[in-house]
Amino acid sequence: FHEEQAPNFRAYNQVYAGRDNRIWAVSLDGTSFLRLVIIRDSLIEAVSDHFDGLAGNILNIYFSRQGIIYLSTPTGLYEMTDENTLARSILNDYEELRERILFPRSQEAEGGLILASFSQDGGDQQFHLYRNGILSEFSVPDEPWFENVNLIFPDSQGRTWFGNFGNGVAMYDKGSEKLNFF
């Protein structure tokens with residue numbers, strides 16, 4: 001694929017096939033900011049550059065199974081349902097999430113959205129579950145290891161897997177309350 005005026009360093013670290021069979025990708029530029037791009041007619045177009053305030057402010061991008069693309073910024077969480085529609089997420093309006101940076105991390109089998117929230121300085125990570133319009137705490141074991149979790153994956157056997165940059169993988173089984181580190 002060809003991208004006009006590509007900087008010297010650009011990496012594509014996520015690729016997603018949308019419900020409409022369009023191919024989306026996350027572009028990481030050498031300047032350390034993320035862009036949401038769409039691949040169309042063998043060309044790559046930076047969709048996120050079309051919206052005021054997004055260029056240079058995207059911290060995280062999450063593609064949901066329902067076709068919603070979540071864009072995390074320092075000023076709030078946004079939802080994109082197609083390349084022309086961007087809306088501020090209602091999750092920003094929950095009292096416990098106000099003034100926090102929101103990062104969707106995963107979805108459970110029932111469709112609930114698991115997200116991490118951080119204070120504006122990037123510390124104080126908390127986890128939440130948003131399901132059917134209800135926000136609740138997503139509890140994780142009380143271990144220092146969980147302070148830097150960047151990936152959460154609930155599996156079909158009732159276990160939850162966690163990824164942590166530099167510290168590996170952990171698996172928590174709520175049924176047995178057993179925690180294993182790999």
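Residues numbered from 1 in each chain as written. Predicted model: local features only at pLDDT ≥ 70, side-chain atom pairs only at ≥ 80, totals over all residues. Heavy atoms only, no water.

Comments concerning the sheet that holds strand β13 (residues 149-154)
Through backbone hydrogen bonds, the strands of a sheet pair up, either in parallel or in antiparallel fashion. Condition: Two strands pair under a simple rule: DSSP has to find at least two bridges between them. Helical segments are the DSSP runs of H or I of at least four residues, strand segments are the runs of E of at least two, and each set is numbered from the N terminus. For helices, the axis comes from a line fit to the C-alpha atoms of the stretch in contact; other axes are also lines fit to C-alpha atoms, and the angle between any two N-to-C directions lies between 0 and 180 degrees.
The strand order across the open sheet formed by 4 strands is β13-β14-β15-β16, and the pairing between neighbours is antiparallel. The sheet terminates laterally at β13 and β16 (178-181), the two strands that pair on one side only. Averaged over all neighbouring strand pairs, the angle between strand axes comes to 20°, with direction disregarded. Here strand β15 (residues 168-173) pairs with β16 via 4 bridges, running antiparallel. Bridged to Tyr-172 within β16 is Leu-179.

Some points on the sheet that holds strand β11 (residues 126-131)
As summarised here, the arrangement of the 4 strands in space is β9-β10-β11-β12, forming an open sheet in which the pairing is antiparallel. Strands at the two margins of the open sheet, each flanked by one partner only, are β9 (101-107) and β12 (134-137). Ignoring which end each strand starts from, the neighbouring axes of this sheet average 30° apart. Bridge analysis of β9 against strand β10 (residues 113-118) gives 6 bridges, and the strand direction is antiparallel. Residue Phe-103 lies in a different strand from β10, and its bridge partner there is Ala-116.

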